[in-house]
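# Fold and contact review
Chain residues, written in single-letter form:
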Amino acid sequence: MSKVSQSSPKNLNVLVCRFSAMGDVILIYPVLKAVLLAYPEVQITLLTRASYAVFFEDLPRLKIHAVDFKKDYKGFFGLYKLYRTLKSNQFDYFLDLHQSLRSRVLQIFFKSSGLKCFTYQKSRADKKKMTRPEHKKRQALTHTTERYKVVFQRAGLDIDLKKPHFFDLENRDRAILDSFLDKHTLPKKNNAQKWIGIAPFAQHENKIWGISKIKELISELTLKGKNIHIFLFGGGASEVEQLENIAQSNPMQLFCVAGQLPLSAEMQLIQDLDVMIAMDSSNMHLASISGIPVISIWGATHPDIGFAPLYQPKSNFVQVSVEELPCRPCSVYGNKPCLRGDKACMERISAHFVAEKVKEILE
């Protein structure tokens, strides 16, 4: 659909939807912040999961309409109920940043009532080509945030994403975080201390470096002195158990954050870190938009597909080159089995190499 002819949007009421995944929702933040800063009379309602509201609390004139598709808005009739609920808000535009079956059904409902709708283009075909051997030598695809930006442009809301847009937490959960740090008798952060975050997990197995590699990395990092403090991030009972076991091996330097803090306090802690080490995961995006250095480890997936961490130099991307492993990337999202069967893309990345990357950033 062509761009709306509108040089100066006034009092626009915009409905934006993106339901999942967490990393994709986090990547909306800098786009929404840029729009709201550039257009002080625009109001935005974001249709997303209730648990994701924490990412957007600092944005003015933005409301969250939480959705639960398993309970309140289940199935086709649930979507129609959602549409009827939203229709009374008299939105000017519906911006679909998901392009899922649910969002397309909602778009049909809104179009039928005369609302102007604009849709995010996933470019599935281009992404799929990236995983085929004959297309391994290629240029990077458009980043996801730029694709989001295009949707707003079509609605007449042009923005500049060159300037970084970080979370502005305003110490909103500092008391909870301080209580956690006191519990672990951590001294107040100073320049002599180096706080390192490690997020070892991802949604899919072939995006995970492995706990054995993480333990090797931790051994290298903690040998550098007692002023090294490492915080372990994750979620879910299995991840919490594994991270707690690691932390117990050195309780003076290792601290399991998983399961201990609300997400808002985790975000506060991340902003205090000197560096985060993460897989291709939501924690990677959370840290990058927190304005800290992020060392990202890539296996089955590749940053050129469009999900690279924002505001990070390419030198912080740790990966085996496509020349060395022509099978990379073998998947857009990391949800396909390793064709080689040996997970070489992860196994060939050494703990020492990652430790040296950390050293470069800390010095």
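Heads up: the structure comes first, above all this text.
Report follows, based on the coordinates. Keep in mind that this is a model prediction, so the values were computed, not measured. (Residues numbered from 1 in each chain as written. Predicted model: local features only at pLDDT ≥ 70, side-chain atom pairs only at ≥ 80, totals over all residues. Heavy atoms only, no water.)

### Quick notes on the sheet that holds strand S11 (residues 317–318)
Filter applied, for reference: When DSSP finds two or more bridges between a pair of strands, those strands are recorded as paired. Numbering goes from the N terminus for both helices and strands, where a helix is a DSSP run of H or I of at least four residues and a strand is a run of E of at least two.
Ordered in space as S8-S7-S6-S9-S10-S11, the six strands form an open sheet in which the pairing is parallel. Both outer strands of the open sheet, strand S8 (254–256) and S11, are each paired with one neighbouring strand and no more. Bridge count between strand S9 (residues 275–279) and strand S10 (residues 294–297): four bridges; the pairing is parallel. Bridge pairing in S10 places Ile277 opposite Ile295.

### Digging into helix H6 (residues 144–154)
Our working definition: Whether a residue is buried, partly exposed or exposed follows from its accessible area with a 1.4 Å probe, protein chains only, as a fraction of its type maximum: under 20%, in between, or over 50%, in that order.
Listed in full, the buried residues belonging to H6 are Thr144, Thr145, Arg147, Tyr148, Lys149, Val151 and Phe152. Phi turns positive, to about 85 degrees, at Gly156, one or two residues after H6.

### Remarks on the side chain of Ser281
Which entries qualify depends on this criterion: Any two residues whose heavy atoms approach within 4.5 Å at even a single point are treated as in contact.
With respect to the helices and strands, Ser281 occurs in the loop between S9 and helix H11 (282–288). Excluding its chain neighbours within four sequence positions, the residues that come into contact with Ser281 are Phe201 and Ala202.

### What to know about the pairing of strand S4 (residues 93–96)
Where we set the bar: The path from the first strand over the helix to the second decides the hand: if it runs clockwise while the strands point away from the viewer, the crossover is right-handed.
Taking every second residue as pointing to the same face, both faces of S4 are buried, with Tyr93 and Leu95 on one and Phe94 and Asp96 on the other. When strand S1 (residues 13–17) meets S4, the two strands line up parallel, connected through four bridges. When the sheet's bridge partners are listed, Val14 is paired in S4 with Tyr93. Note that S4 and strand S5 (residues 116–119) share four bridges and pair parallel. Across the sheet, Leu95 pairs through a bridge with Phe118, a residue of S5. Running through helix H4 (residues 101–112), the crossover from S4 to the neighbouring parallel element S5 is right-handed.

### A look at unusual backbone geometry
For the peptide bond that leads from Ser20 to Ala21, omega is -10 degrees, which places it in the cis range. Mapping Ala21 onto the fold places it in the loop between S1 and helix H1 (22–26). Look at the link from Arg328 to Pro329: it is a cis peptide, with omega at -15 degrees. Topologically, Pro329 is positioned in the loop between S11 and helix H12 (344–347). Positive phi is not limited to glycine here, since Tyr311 has a value of about 65 degrees. You can see Tyr311 is positioned in the loop between S10 and S11. Look at Tyr311 and you get partly exposed, because its relative accessible area is 30%.

By themselves these figures say nothing about function.
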